[in-house]
Amino acid sequence: MQGFSPQTKLQMFNLILAVFWLLPGLGLYLMFRYLWILVQRKISLLLSVLLLSLLLKLPASENRTEEAPCFSQISPSLITNGDLVIGTFLPMYSVEVSSVTGAELFGSKPDKDCRNYKWLYKNYQQALALKFAIEEINKNPNLLPNLTLGFHLYSTYHSDEKTLKSSLHWLSGQGQLIPNYSCWEQDKSVAIIGGATSALSVQMGTLLELYKYPQITFGPFDPILSDKVQFPSFYQMAPRDSSLHKGMVRLMIHFGWTWVALVTVDDLRGEEFLREMTQEMANNGVCVSITEKIPVSERRHTESQVAFMPRIMVSASKVIFVHGDTDSLMILRYSQIPLLPILKVWVTTSHWDITMRPQYTDGYSFHGSLTFSHLTSDVPGFKSFLRTVNPDKYSEDIVLKEFWHSAFGCTDEPENLMQEQCSPNASLETLPLLYFDMTMSDLSYTIYNGVYAVAWTLHEMFLMKSEERFMGEGESWAPHPWQLHSFLKNIQFNNSAGNQVFMDENRNPEARYNILNYVTFDKDAEALVKVGQFIPKAEPGQDFTINEETIVWVYPYHKIPRSTCSESCGPGFRQIPLEGEPICCFNCSLCPEGEISNQMNMRHCVKCPEDEYPNKERSGCLPKVVTFLDFSEPLGMALICVALSFSLMTAVILWVFVKFQDTPIVKANNRTLSYTLLISLNFCFLCSLIFIGHPTSVTCLLRQTTFGIVFTVAVSSILAKTTMVVLAFRLTKPGSRGRMWVQSRVANSVVVICSGIQVILCGIWLGISPPFPDIDIHSEPGQIIIGCNEGSVIAFYSVLGYMGFLSLCSFTVAFLARNLPDTFNEAKFITFSMLLFCSIWISFLPTYQSTKGKAMVTVEIFSILASSAGLLSCIFIPKCYMILLKPDRNTHENIKNIVDHRGRNHSASMPANF
């Protein structure tokens, strides 16, 4: 049979079926024989078994014997004639079944009681969108000239039996259930629009694929249906929802929901969404508290009142994210416990119309919910068309009449529809949202585009046939359904809303979303209010927007509800994960010293920038204070005053020594060394000023070197004075050769040589690694210390060490000369001054090492001033006292008498310069 055309195959089927009905025994034999041939020729075994079961279970006379069928049983429900016909399968009703046992699945007749059928009122907008598109196309003389489109509308149900029954009605004809047999002109049928869900598409597609009908599905996009090997005749019109999970996680992050429940349909599409959702949540630190999967087999809504709601209600999650279509998720509506509020925030996809419900008064359970709805443009003229729809305008539309009477409550008895009349002023616009929405839904928009896709395909085929002069004037033209595929898969067009529509699924755009807030005011008033938007391909910052102020939350939440496993960790704290628990369950711990957390629920504390430091709460960083010993602060001013006071005192003492330079005391203490010592001490006091103020390159170079040199000069002068005192009393006996050493040149040489060595050390220091300004941001919290880096630490301590060595030598020599006659020398005063000097600088070293910044500079200035003041006071204050207050004792005769009285006649041997 591989070489036979579809028409030949169809004729062979008809022949076999005719034989079957005329000769039951022979027909049964041939049927089984033919099915075996089909299997051998690799034709679907499923199709064979399905046809056989339908032949055995569904006799053709079944519907013809029923006297008063419900409107939901009439197949097709609505016919609009045209030159070419589109078959449309829409879910108009839900079916209540009291049991789902195998005997009743195909044997029970719920349609015997019409009340087992419940209107899915809002789905009727899909039928009106179909009618609106057909009327627009037929009025357009440029699209299908000399041709008209019609449609056959069938109602589908979420059960295998009802779906296949509608499909067989389409194939067989009005009121007939004979497979492969048609009661009308089947060659007018060109395409099928259906598949509100993936399950319905698969159920219908297996049967309809045999006849190669183009099947345009308007339900949610399902990657499984894109398999052209398994579903070669399927065309999905809906945009891709490949970024929906990202938008939902963005919503979780925005509101801080880290502990949420997930509800999805237990099918392949639900599994794929659950996998993507949990992965995206894990990447963003959000956890799943509970996962519920709703079974989709047969969609027996009233029999599915299992423990979904109790488990969800007792869950710690206050937010529930739901993924699925309206019909499969109707179980959540039927599972509600009457009069018991759920008090959860529901976040749903656009494919679940949250306003559709089985009972009139159960809308409050989903009050405050958020919905990701496809962002679509308004179709011009559609709302105006809806305002004009009524049974009088479309008197032939029995489905509209049934809908009208049921929605407006004119009658509950289907058999009285012809007698009862509704209000003449009734309008779809006056119906509450649970019955009808004047805004075109996502599914209606997709149906509208699907009808136009067929029309544009026929337009392309008509143009090609016209160019080939295939059609004669006045000759009708009806293409075979399989001929549409080559044109349909490449069709693209702009619809009346200005959006581009592609039939190629690879070019199908990614969905964009409005975020809607479902608000119920009372049982008659409800609304979907736009509160945000998610556009996956938009610029960062514009892809996700939400207006928190306009959101109405479910009672009792008057602000953003919190949905977390653990209490949030505030600023200053970090999360400590609990062992064996999800990452969203944690304890809070204070940030370590020197680190902060400035946001809620931070997993790790962070360090402040180098120019900032943590506050006491460790919740933020404060700018560090730039600190140095400034002239303007009290400590700096006090040190300046002390230094200048001692400098002035030194100058006064120098003036006294110069003025009384010829007196015995001044002469006895070597005037040149005294002058040198006083001048160097004056510079010692003044060099402390270099340590005050903002450090610069110049001041850093001068600080330690100036201090080292002038102090070395001072200590060298003291060493020279002490040495000369010892030499004066040890080597000046008459005839002694040591008298040549008791000369001023020797003392000057000692000062020059000792100071010169220090100058060389400082020069080497400056040449190799000089001091430089430095910023210390780590030593003191909250402070940026500006000071001088000493450069070479070895050179710095070499300078101090050399100065200490000279001080120790001076102290040793002075100590050895302490018993010489104190009238003529100052050995005792020098000993005490050097003891004080060494004590200060020995104490300076550990103190200097243990302090930083301003304190370190202050310690060094204090040591300079204290040691200099000690030298000045111990050496020169007693002499000034004698010179100024005891002038009678400052005479040569008085000194001589004192020496004679003590028996120490060394005056004759006193050096000339003393």
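So, here is what we can say about the structure in this document. Predicted model only: the values in this text are computed from it and were never measured. Position numbers for residues count from 1 along each chain, tracking the sequence in the order it is written. Confidence filtering applies because this is a predicted model: local features only for residues at pLDDT of at least 70, side-chain atom pairs given and counted only at 80 or more, and all residues used for totals across whole chains, interfaces and linings. For side-chain calculations, the full set of non-hydrogen atoms in the structure is used, while hydrogens and water are omitted.

Once that is clear, we can look at the nonpolar core. For our purposes a nonpolar core is just a set of buried Ala, Val, Leu, Ile, Met, Phe, Trp, Tyr and Cys residues, chained together by side-chain atoms within 4.5 Å. Burial classes follow relative accessibility: with a 1.4 Å probe on protein chains only, a residue under 20% of its type's maximum area counts as buried, one over 50% as exposed, and anything between as partly exposed. Core analysis: the biggest nonpolar cluster contains 71 residues, and Tyr124, Leu149, Phe403, Leu428 and Val451 have the highest contact counts within it. The set of elements that each furnish at least two residues to this core consists of strand E2 (84–90), helix H5 (124–139), strand E5 (149–155), strand E6 (189–194), helix H12 (382–388), helix H13 (398–407), helix H14 (442–467) and helix H15 (485–488). A run of DSSP states H or I qualifies as a helix once it reaches four residues; a run of E qualifies as a strand once it reaches two. Both are numbered from the N-terminal end. Looking at which element gives the most residues to this core, the answer is H14, with 11 residues. When neighbours within four sequence positions are excluded, Tyr124 is seen to be in contact with Met92, Trp119, Asp397, Val399, Leu400 and Phe403. With 53 residues, the next largest nonpolar core counts Phe685, Phe691, Val715 and Tyr802 among its residues. Throughout, a residue-residue contact means that at least one pair of heavy atoms, one from each residue, lies within 4.5 Å.

What counts as a disulfide here is a pair of cysteine sulfur atoms lying within 2.5 Å. Applying the stated criterion to the full structure yields 6 disulfides. Paired by a disulfide, Cys569 and Cys588 hold their sulfur atoms 1.9 Å apart. Looking along the S-S bond of the Cys569-Cys588 disulfide, the torsion reads about -95°, which is the left-handed sense. One end of the pair, Cys569, is in the loop between strand E18 (544–546) and strand E19 (573–577); the other, Cys588, is in strand E20 (residues 586–590), and 19 residues separate them in sequence. The buried category is assigned to Cys569, whose relative accessible area is 0%.

Below, the discussion takes up the sheet that holds strand E25 (residues 625–627). Sheets are built from strands that pair by backbone hydrogen bonding, the pairs being arranged parallel or antiparallel. Ordered in space as E25-E27-E26, the 3 strands form an open sheet in which the pairing is mixed. Of all strands in the sheet, those with a lone pairing partner are E25 and strand E26 (772–776), marking the two edges. Neighbour-to-neighbour, the strand axes of this sheet turn through a mean angle of 25°, independent of strand direction. Criterion used throughout: strands pair if DSSP finds at least two bridges between them. In this analysis an axis means a line fitted to C-alpha atoms, helices contributing only their contacting stretch, and an angle means the value between N-to-C directions, from 0 to 180 degrees.

Here we take up the packing of aromatic side chains. Geometry of aromatic contacts follows a simple scheme: Phe, Tyr and Trp rings, the Trp one being its six-membered ring, pair when their centres are within 6.5 Å, and the pair is stacked under 30 degrees between planes, edge-to-face over 60, tilted otherwise. Taken as a whole and assessed by the stated rule, the structure comprises 40 aromatic pairs. Seen in terms of ring centroids, Phe231 and Phe234 are 5.0 Å apart; in terms of plane orientation they differ by 25°. Their pairing is stacked. Seen from their ring centres, Trp257 and Phe321 are 6.4 Å apart, and the 70° between their planes marks the pair as edge-to-face. With Trp257 in the loop between helix H8 (244–255) and strand E9 (259–265) and Phe321 in strand E11 (residues 319–323), the pair connects residues that are 64 residues apart, well separated along the chain. Taking the relative accessible area as the measure of exposure, Trp257 reaches 0% and is therefore buried. Given the relative accessible area of 2%, Phe321 is considered buried. Chaining the aromatic ring pairs together yields one cluster made of Phe707, Phe711, Trp765, Phe796, Tyr797, Phe837, Trp841, Phe844 and Tyr848. By definition here, charges over rings are those cases where NZ of Lys or CZ of Arg is within 6 Å of the ring centre and within 35 degrees of the ring normal. Across from the ring centre of Tyr394, 4.6 Å away, lies the NZ or CZ of Lys131, which sits over that ring. Cation over ring: Lys228 sits above Tyr235, and NZ or CZ is 4.9 Å from the ring centre.

Attention now goes to the side chain of Thr88. Structurally, Thr88 can be placed in strand E2. Once residues lying within four places of it in the same chain are set aside, the contact partners of Thr88 are Leu130, Phe151, His152, Leu153, Tyr154 and Ile193.

A few words now on a nonpolar patch on the surface. Exposure above 30% relative accessible area and the absence of a salt bridge qualify a residue for a patch, where like charges join within 9 Å and nonpolar side chains (Val, Leu, Ile, Met, Phe, Trp, Tyr) within 5 Å. For the accessible areas, the method is Shrake-Rupley and the probe is 1.4 Å, while residue cover comes only from the protein chains on display. One speaks of a salt bridge when a side-chain nitrogen belonging to Lys or Arg is within 4 Å of a carboxyl oxygen belonging to Asp or Glu. Taken together, the side chains of Leu644, Ile679, Phe683 and Leu686 define a hydrophobic patch exposed on the protein surface, amounting to about 340 Å² of accessible area. Take the nonpolar patch: its biggest share by element is 3 residues, from helix H18 (residues 671–687).

This next bit is on the packing of helix H16 (residues 634–659) against helix H23 (residues 854–885). Two elements in contact, H16 and H23, have axes whose closest approach is 10 Å; the angle formed by their N-to-C orientations is 30°. Our classification of the angle between H16 and H23 gives roughly parallel. The interaxial crossing formed by H16 with H23 has left-handed handedness. Listed contacts from H23 to Leu635, Leu639, Val642, Ala643, Phe646, Met649, Thr650, Ile653, Val656 and Phe657 of H16 are Thr858, Ile861, Leu865, Ala869, Leu872, Phe876, Ile877, Lys879, Cys880, Ile883 and Leu884. In these notes the angle categories are as follows: under 35 degrees is roughly parallel, over 145 is roughly antiparallel, 65 to 115 is roughly perpendicular, and the rest is oblique. Each crossing is labelled by how the near helix is turned from the far one, with a counterclockwise turn of less than a right angle marking it left-handed and a clockwise turn marking it right-handed.

Turning our eyes to something else, we now look at the sheet that holds E2. A sheet is described by the order of its strands in space; here 6 strands give the open sequence E1-E5-E2-E6-E7-E8, paired in mixed fashion. Looking at strand neighbours, the two that pair on one side only are strand E1 (78–80) and strand E8 (234–236), the edges of this open sheet. Geometrically, the sheet is characterised by an average inter-axis angle of 20° between neighbouring strands, direction not taken into account. Where E2 lies against E5, 7 bridges are found, and the strand directions are parallel. When the bridges of E5 are listed, Ile86 appears paired with Phe151.

With that settled, consider helix H7 (residues 198–208). Most of H7 sits out of view: 8 of its 11 residues are buried. Within the span of H7, buried status applies to Ser198, Leu200, Ser201, Gln203, Met204, Gly205, Leu207 and Leu208.

Coordinates in, geometry out; function isn't part of it.
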